[in-house]
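# Breakdown of the fold
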Amino acid sequence: MPNGNNYTAENINVLKGLEAVRKRPAMYIGDIGSRGLHHLINEVVDNAIDEALAGYNDRVILTLNKDGTVTVEDRGRGIPVDIHPEEKRSALEVVMTVLHAGGKFDKNSYKVSGGLHGVGVSVVNALSEWLKVEIRRDGNIYFQEYRCGDPVADVKKIGTYKGDATGTKITFKPDKEIFKVVKFNFETIAERMRELAYLNKEVTMFLKDEVENLEETFRFKGGIIDFVKYLDENREAFHKTIYIEGEKEDTPLEIAFEYNSSFTENIHTYVNNINTIEGGTHLVGFKTALTRTFNNYANKNGLIKENSKITLTGEDFREGLTAVISVKVMEPQFEGQTKTKLGNSEVKSIVETIVGEKLSEYLEENPAVAKKIIEKCIRTAEAREAARKARDLVRRKNALDSLHLPGKLADCSINDPEHCEVYIVEGDSAGGSAKQGRDRRFQAILPIKGKILNVEKAKLNKILENTEIQSMVAAIGAGIGDEFDSSKTRYGKIILMTDADVDGSHIRTLLLTFFYRHMKDLITAGKVYIAQPPLYKIKKGKEEVYAFDDDERDKILKRMRSESKGKEDKIIEPKDIEENPELNTKGIFISRYKGLGEMNPEQLWSTTMNPETRTVLQVNVESAAAADKIFETLMGDAVEPRREFIQKHAKYAKIDV
Ligand code: 0RA
């Protein structure tokens, strides 16, 4: 931990005002939907966690208040309130009203807010109808209030406190003029708080929802060891979780890992509490050390039989591995498509050295565990060899090769991946409509039949034998698994189009599981999308409009009713109109689309495929750990947790990963 630094107000760099934030909010928080809204909370919580990283905070209390506001309270040092020499106003006001002011001093610390989310609390302030802050510092309680980012009055001393209870309490009301939705989601917030509590074992996170009367406390004394156990809750580990801790060149490192009986590799990496979904130098360092250390130990102890032709590769040491890596870096450099890849090259050798030393020690001291793990890896290597043969066999048939595109793929005519997209469509009839309705210049259609194989339960050789999977691999053209090379992808967007019913949602989950496990780069690069077909068509006289959810349907109905003064509306099936065309001329008609197949090509184009008018949901992995957990729960072996999950989430029709 860095030393407590003596902060003075002049260390704050002044950049620019907040109008820019209100003018273009998405530039600062990603979007103005639910995701951006939750970014506001993350920003304040991250600041509180920065205080914990600096060694000054052990508690965060987050409350969703009845009036739709949020309060975040911590026991950090409290934002300084002394007068800033250049700005001639309090440091608090500068931190709250100047972009990036909060993160620009005190470089000698590990910062979440200096990194990825790093927009600063001033952005939260700018995007709030009002914000109130209460500071406990130097024995006094200070207060200031803002409207749309502007201070209502100067910082005021409103009282005193006894003891060392310093801290910051921020309450804000997201501006409904800015956000499309202002409703917070308990689960989304709980997920981030749980993750932070695992990563910072000294911090207790309280979450309270006064609206829904929900409450959760996250406190994990075992830290990332508990995290790994939680991730493997539905899997069977066959040894005690291994824990490695060390520090080099001001870079502290913690790793916890265990092997289970699944086939998946599950490594979650964090830098300063940020989930580095795209990996980076810390991950490379870990993998290198893991392979080398285990191989050395196996050779030294004669665990690989002399006459065996097996060589153990890195992959073999990662099948069935669940690991959490948490590293703290003073000046992290983030790279990659979504800026979640650690670039600092020195971190690779730091991690490699620490893991090399500590893991060798561990194996020497725990020979029984070492033997078990290596025997497991040998079995994996043997299976891998069998899978390789299977893959070669399939490849010889050219089934995975994009030179031999699958027969049912209707490809696009231009040949520029960046501008081309492929719709993966459930069912032949919807596939047919999509083929006729598309813009064939840049839209390709790949119909798939029914439920694809559940990849969570199958080994790679079985997966490769599946014809639906073969045709997806060939159409996308970038290989699969460890050989996947996203630069070869033939389309810039992979759009999943399934029916809006239970089966459709199951198929979508199967597809997402497949992409997440075997073409993960497509997902982390944000190339996978979910099409949003309308749920209703509403007709009144000659007017015909579509509604994508119940709220939208009700809004449209309300407007139409007010125009036609309360005529009865009926729910009728599209086929009723076909059979009985005069129905068309009376009242307001709502028809519910049960499947994509009920739309004709023109309707499918105008509602779901036309880039000018459609909505597609980008699949984001906000937290890889949460995504892994969802897929394992929905698709894995254990039945009971799946039932619980589905019951708990039954009212939400869609799954966010
Ligand atoms: C500026 C400087 C210091 C701390 C903070 C801001 C700070 C911000 C937030 C936001 C939520 N909770 C917070 N806690 C602290 C450093 C203070 C020092 O050096 O004494």
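Look a little higher up for the structure.
Bear in mind that the values here come from a model prediction, so they are computed numbers and not experimental data. (Residues numbered from 1 in each chain as written. Predicted model: local features only at pLDDT ≥ 70, side-chain atom pairs only at ≥ 80, totals over all residues. Heavy atoms only, no water.)

### Considering the sheet that holds strand β28 (residues 616-618)
An order of β21-β20-β22-β23-β28 is seen for the 5 strands of this open sheet, with the pairing classed as mixed. Each having just a single partner strand, β21 (443-448) and β28 make up the two edges of the open sheet. On average, adjacent strands in this sheet sit at an angle of 25° to one another, irrespective of strand direction. Where strand β20 (residues 421-426) and β21 come together, 6 bridges link them in parallel fashion. Residue pairing for β21: E421 is matched across the bridge by Q443. Where helix α13 (residues 467-476) meets the sheet, its contacts fall on β20, β21 and β22 (493-497), and the angle it forms with β21 comes to roughly 165°. (Pairing = 2+ DSSP bridges. Helix = DSSP H or I, 4+ residues; strand = E, 2+ residues; numbered from the N terminus. Axes fitted to C-alpha atoms, helices over the stretch in contact; angles between N-to-C directions. Contact = heavy atoms within 4.5 Å.)

### Thoughts on the nonpolar core
Counting 62 residues, the largest nonpolar core has I41, L62, F172, M205 and F227 as the members making the most contacts within it. At 9 residues, the largest contribution of residues to this core is made by helix α3 (residues 34-53). Dropping the residues within four chain positions of it, F172 is found in contact with L40, I41, V44, T69, V70, V124, S128, W130 and L131. Core analysis: the second largest hydrophobic core is formed by 47 residues, V394, A458, I523 and A627 among them. (Core = buried A, V, L, I, M, F, W, Y, C linked by side-chain atoms within 4.5 Å. Buried < 20%, exposed > 50% of the residue type's maximum accessible area, 1.4 Å probe, protein only.)

### Quick look at helix α11 (residues 428-437)
Of all the residues in α11, the buried ones are A430, G431, S433, A434 and G437. Along the axis of α11, the buried positions cluster into a sector of 165°, meaning they face one direction only. Away from its buried face by more than 90 degrees, α11 exposes D428, S429 and Q436. Here the buried face of α11 lies against β20, β21, β22 and α18 (601-609). (Arc of directions from axis to C-beta.)

### Comments concerning the packing of aromatic side chains
What the rule picks out here adds up to 11 aromatic pairs. For the ring pair Y198 and Y230, a centre distance of 5.5 Å and an interplane angle of 35° mean the geometry is tilted. With Y198 in helix α6 (residues 186-199) and Y230 in helix α7 (residues 224-231), the pair connects residues that are 32 residues apart, well separated along the chain. Look at Y516 and F631: their rings are 5.2 Å apart centre to centre, the planes differ by 40°, and that puts the pair in the tilted class. Of this pair, Y516 sits in helix α14 (residues 502-518) while F631 sits in helix α19 (residues 624-635), and the two are 115 residues apart along the sequence. Residues Y516 and F631 agree in their burial class; the two are buried. Here the aromatic residues Y198, F220, F227, Y230 and Y270 are joined through ring pairs into a cluster of three or more. Over the aromatic face of Y230 sits the side chain of K629, whose NZ or CZ is 4.2 Å from the ring centroid. (Phe/Tyr/Trp six-rings, centres within 6.5 Å; stacked < 30°, edge-to-face > 60°. Lys NZ or Arg CZ within 6 Å of the ring centre and 35° of its normal.)

### Considerations on helix α9 (residues 346-365)
Taking 1.5 Å per residue, 20 residues should reach 28 Å; α9 reaches 29 Å between its end C-alpha atoms and fits that length. All of the buried residues in α9 are V347, I350, V351, E352, I354, V355, G356, L359, Y362 and L363. (Expected span 1.5 Å × (residues − 1).)

### Quick word on the sheet that holds strand β16 (residues 279-280)
Two modes of strand pairing occur in sheets, parallel and antiparallel, and in both the strands are linked by backbone hydrogen bonds. The strand order across the open sheet formed by 3 strands is β16-β19-β18, and the pairing between neighbours is mixed. Here the strands that pair on one side only, and so sit at the sheet edges, are β16 and β18 (334-335). Pairing between β18 and strand β19 (residues 341-342): 2 bridges, direction antiparallel. When the bridges of β19 are listed, F334 appears paired with L342.

### Here we look at unusual backbone geometry
Glycine aside, the phi torsion of most residues is negative, and most peptide linkages are trans. Located in the positive-phi region is E249, a residue other than glycine, with phi close to 50°. Mapped onto the fold, E249 is located in the loop between β12 (242-248) and β13 (251-259). One non-glycine residue, K339, adopts positive backbone phi at about 55°. Among the secondary structure elements, K339 is positioned in the loop between β18 and β19.

### Overview of the packing of α6 against α7
Viewed as axis vectors pointing N to C, α6 and α7 meet at an angle of 135°, and their least axial separation amounts to 7 Å. The pairing of α6 with α7 is recorded here as oblique in orientation. For the pair α6 and α7, the contacting residues are R194, E195, Y198 and L199 in the first and I224, D226, F227 and Y230 in the second. Each residue belonging to the contact of α6 with α7 can be placed in one class, and the counts come to 5 nonpolar, no polar and 3 charged. (Parallel < 35°, antiparallel > 145°, perpendicular 65-115°, else oblique. Nonpolar A, V, L, I, M, F, W, Y, C, P; charged D, E, K, R; others polar.)

### Describing the pattern of salt bridges
Per the stated rule, a full pass over the model turns up 35 salt bridges. Between R89 and E93 there is a salt bridge, and its shortest N-O distance comes to 3.0 Å. Using a relative accessible area of 9% as the deciding quantity, one classes E93 as buried. Several salt bridges converge on common partners, so that one network encompasses D232, R235, E456, R517, D628 and E632. (Salt bridge = Lys/Arg side-chain N within 4 Å of Asp/Glu carboxyl O.)

### Considering the environment of R441
Tracing the sequence through the fold places R441 in the loop between α11 and β21. Separated by 28 residues in sequence, R441 and S413 have C-alpha atoms that sit 4.7 Å apart. Excluding anything up to four places from it in sequence, R441 contacts C412, S413 and I414.

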